[in-house]
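Architecture and fold: a report
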Amino acid sequence: MNESFKAPAHATPLDADAKTAIAARYGATEGNIPAVWNETIDVLLGHRSVRGFLSDPLPPGTLETLVAAAQSASSSSNVQAWTVIAVESPQIKAQLAAIAGNQKHMEECPLLLVWCADLGRTKAMGKRHGYPTDATEFLESFVVSVVDAALAAQNATVAAESLGLGMVYIGALRNNPEAVAKILKLPDHVVAAFGMCVGAPDPARPFHIKPRLPQRVILHRDHYDTSLPQEALDSYDATLSAFQRSEKMKEIGWTGAMKNRWRDAKSINGRDRIRAALTVLGFSLE
């Protein structure tokens, strides 16, 4: 006999703290959505980017725990086509920060993780065991390696935040992939996809939860809805403008931020040449 799904016993209806967390994620006007709750969801919805860190080193075993969490993420065909480089050297962090637009938190954090899309290990294994690896030359294989790296990194993020640590992703390492590869001594067919600062958040420099788009913009049911509800976007513009105002940021809402982000090649800070950089680093992308 079929029975309707029931939430597991450890999932509970929303209490006041959970409702506050959802309101922080969507803004007060959009925060009244149905949900169930547990400690894991509480950690996930509590995520925010941290750009102010204490210099204290991480407790022994923390790095290894984050990597274990990362390796517990799904991997396409179990190829595990990623590598993470733990950077603790002040000199190397400073070099990478210079490439990434001189983001000071990259130098302040006790641990900088560089997540790499790695097809080099796959090719090396083929050479060692005498089997062809022609499939690594296709765009699909590169996409697999980037997705694998992203899934692994997000697992590490959740693990770090569950331990009371903070983090922020650093996409700006892609401003100059060749220079990053030289600094980190990456072999061919390996590229730094993004970085991640990890450390104890500095309580003197708090960072808050940034609201996200209303679910009716992101969540489609059964098919893609192209209507793009304007009232939902207007609501989000107002919510994000209020957040920017509270954080003493330039108040431009989401529409203004996206206008700046997607304007032209200059707005992506040199990353318009990613394909050329990947070719230099050995990726064929056929």
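Use the structure listed above.
We now turn to the structure provided with this report. All values reported here derive from a predicted model rather than from experimental measurement.

**Let's talk about the state of the cysteines**
Linking two cysteines covalently through their sulfur atoms gives a disulfide. A full pass over the atoms with the stated rule returns 0 disulfides. Looking at the unpaired Cys109, the closest cysteine sulfur is the one in Cys197, lying at 3.8 Å. Residue Cys116 stays outside any disulfide, its sulfur separated by 15 Å from that of Cys197, the closest cysteine.

**Quick word on the nonpolar core**
Formed by 32 residues in total, the largest nonpolar core has its most connected members in Leu96, Met106, Val114, Ile170, Leu173, Cys197 and Phe283. Judged by nonpolar contacts, the second largest core, of 20 residues, contains Ala69, Trp82, Ala156 and Met196.

**Focus: the pairing of strand 4 (residues 190-199)**
Extensive coverage of strand 4 is indicated by the burial of 10 of its 10 residues. For strand 2 (residues 111-118) and strand 4, the ladder comprises 8 bridges, and the chain directions are antiparallel. Looking across to strand 4, one finds that Asp118 is bridged to Val190. Relative to strand 4, strand 3 (residues 166-170) runs antiparallel, the two being bridged by 5 bridges. By the bridge assignment, Ile170 is partnered in strand 4 with Gly195.

**Structural notes on the packing of helix 3 (residues 62-71) against helix 7 (residues 139-162)**
The relative placement of two packed helices is expressed as an angle between their axes plus a distance between the axes. Relative to each other, helix 3 and helix 7 sit at 135°, their axes nearing to 7 Å. Comparing their axes, helix 7 and helix 3 come out oblique. Of the two elements, helix 3 crosses helix 7, and the hand of that crossing is right-handed. Residue-level contacts link Leu66, Ala69 and Ala70 of helix 3 to Ala152, Asn155, Ala156, Ala159 and Ala160 of helix 7.

Rules of the game
- Residues numbered from 1 in each chain as written.
- Predicted model: local features only at pLDDT ≥ 70, side-chain atom pairs only at ≥ 80, totals over all residues.
- Heavy atoms only, no water.
- Disulfide = S-S within 2.5 Å.
- Core = buried A, V, L, I, M, F, W, Y, C linked by side-chain atoms within 4.5 Å.
- Buried < 20%, exposed > 50% of the residue type's maximum accessible area, 1.4 Å probe, protein only.
- Helix = DSSP H or I, 4+ residues; strand = E, 2+ residues; numbered from the N terminus.
- Pairing = 2+ DSSP bridges.
- Axes fitted to C-alpha atoms, helices over the stretch in contact; angles between N-to-C directions.
- Parallel < 35°, antiparallel > 145°, perpendicular 65-115°, else oblique.
- Left-handed = near helix turned anticlockwise from the far one by under 90°.
- Contact = heavy atoms within 4.5 Å.

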